[in-house]
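# Residue-level structure breakdown
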Amino acid sequence: MIKKFAYITDLHLDEEFPKTKGVDARKNWEKILEDISKRGITQIIIGGDIGERDSLSWFFKSLKSYDWFLSLGNHDSFSTILPFWKEQQVVGIDTPFYSIETDFFKCIFLDSSKEIVDEEQLDRFRKESITSKKILLFVHHPILSVPTFTDKKFFLEGRENILSVLNQIPNEVFIFSGHYHMEDDRFYKNVRQYITPAVSYQVEKDPDIVKIHNNSFGYRIIELQHDQLFTEVITLKV
């Protein structure tokens, strides 16, 4: 059976900073949703940083025809999102850390909204990672470091502990994240990490400064065919 997901991240809906950069995040999201619909994709994974509290009702209404899953970002609050989460009742969870499984993959959704992996969550992660299946880890913050200024300043505290757990298991691991507003693909040992461009604005890969541009946005398609994973980034222009 083929499963296909659209992975979207970093919308920052109605936030002041994107507006100052000339970004219309709602319009970008509507264009992405139209593209997702044309491709016949019915499941969406949200990588976090949705936007202002007042934007949540509008955003989740736009997802009424889709099954969706979510990993929280540092701009998200579980308490404000929980009513919409319970409303869809696809996952049926009461915590931002959870997992779902297919025949050949285990998907783990890690909560990095507090910008740290605490001991409680790390312990749960160790237990969840005990599986014979390939692991798909969805977490807003990247786990593998990226040679950019954003990685120096805005990395996830304790990420080395997550990587240590992953490197000790025999399975293939695929990490899907956002946060850095850029596309990146890298690996270390058994771990392959994909960073997805933002729905809002992008940040260039520069080791010394944050350079922002607003002329493109995008999302990622993740396709599971039997025990194989395929992924591609879809880039749209303003």
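What comes next concerns the included structure. (Residues numbered from 1 in each chain as written. Predicted model: local features only at pLDDT ≥ 70, side-chain atom pairs only at ≥ 80, totals over all residues. Heavy atoms only, no water.)

### Let's talk about the sheet that holds strand β13 (residues 228–237)
Ordered by their spatial adjacency, five strands build an open sheet running β3-β2-β1-β12-β13, and the pairing between neighbours is mixed. Edge strands, defined here as strands with exactly one partner in the open sheet, are β3 (67–70) and β13. Strand-to-strand twist across the sheet, computed as the mean angle between neighbouring axes with direction ignored, equals 25 degrees. Alignment of strand β1 (residues 2–8) against strand β2 (residues 43–46), held across four bridges, turns out to be parallel. Each bridged residue has a counterpart across the sheet, and for I8 the counterpart in β2 is I46. In the packing of helix α2 (residues 25–38) onto the sheet, contacts are made with β1, β2, β12 (216–225) and β13, and the angle to β12 comes to roughly 30 degrees. (Pairing = 2+ DSSP bridges. Helix = DSSP H or I, 4+ residues; strand = E, 2+ residues; numbered from the N terminus. Axes fitted to C-alpha atoms, helices over the stretch in contact; angles between N-to-C directions. Contact = heavy atoms within 4.5 Å.)

### A short note on the sheet that holds strand β7 (residues 173–177)
Judged by pairing direction, the sheet is mixed, and its six strands sit side by side in the order β4-β5-β6-β7-β9-β8 without closing on themselves. One side of each edge strand has no neighbouring strand; the edge strands of this open sheet are β4 (98–101) and β8 (184–188). In this sheet, adjacent strand axes meet at a mean angle of 20 degrees when their direction is disregarded. As paired strands, strand β5 (residues 105–109) and strand β6 (residues 134–138) are joined by five bridges and run parallel to one another. Residue I108 lies in a different strand from β6, and its bridge partner there is L137. Relative to strand β9 (residues 191–195), helix α7 (residues 159–167) is tilted by about 135 degrees, and along the sheet it contacts β6, β7, β8 and β9.

### Topic: the pairing of β3
Examined bridge by bridge, β2 and β3 share four bridges and lie parallel to one another. Across the sheet, Q43 pairs through a bridge with D67, a residue of β3. Once you follow β2 into helix α3 (residues 56–61) and on to β3, the crossover reads as right-handed. (Right-handed = clockwise from strand over helix to strand, strands pointing away.)

### Re the pattern of salt bridges
Taken as a whole and judged by the stated rule, the model has 13 salt bridges. Across the salt bridge formed by D184 and R186, the nearest N and O atoms sit 2.6 Å from each other. By relative accessible area, which is 24% here, R186 ends up partly exposed. Note that K211 is salt-bridged to D206, the shortest N-O span being 3.4 Å. The exposure class assigned to K211 is partly exposed, which follows from its relative accessible area of 38%. With a relative accessible area of 15%, D206 lands in the buried category. Here the residues in one salt-bridge network are D184, R186 and K205, joined through shared partners. (Salt bridge = Lys/Arg side-chain N within 4 Å of Asp/Glu carboxyl O. Buried < 20%, exposed > 50% of the residue type's maximum accessible area, 1.4 Å probe, protein only.)

### Some remarks on helix α5 (residues 119–128)
The complete set of buried residues in α5 reads Q121, L122, F125 and E128. Along the long axis of α5, the arc covered by the buried residues comes to 120 degrees, so they all point the same way. For α5, exposure combined with an orientation more than 90 degrees from the buried face picks out E119, E120 and K127. Looking at the buried positions of α5, the neighbouring elements they touch are β4, β5, β6 and α7. (Arc of directions from axis to C-beta.)

### Some points on the environment of I169
In this structure, I169 sits in the loop between α7 and β7. Owing to a relative accessible area of 15%, I169 belongs among the buried residues under this scheme. When residues no more than four places from it in sequence are discounted, the contact partners of I169 are S129, I135 and N190.

### Here we look at the packing of aromatic side chains
This model, assessed by the stated rule, comprises 15 aromatic pairs. With a centroid separation of 6.2 Å and 50 degrees between ring planes, the pair formed by Y7 and F176 is classed as tilted. Of the two residues, Y7 is situated in strand β1 and F176 in strand β7; the sequence distance between them amounts to 169 residues. Across this residue pair, the class does not change: Y7 and F176 are buried. (Phe/Tyr/Trp six-rings, centres within 6.5 Å; stacked < 30°, edge-to-face > 60°.)

Purely geometric numbers; function is a separate question.
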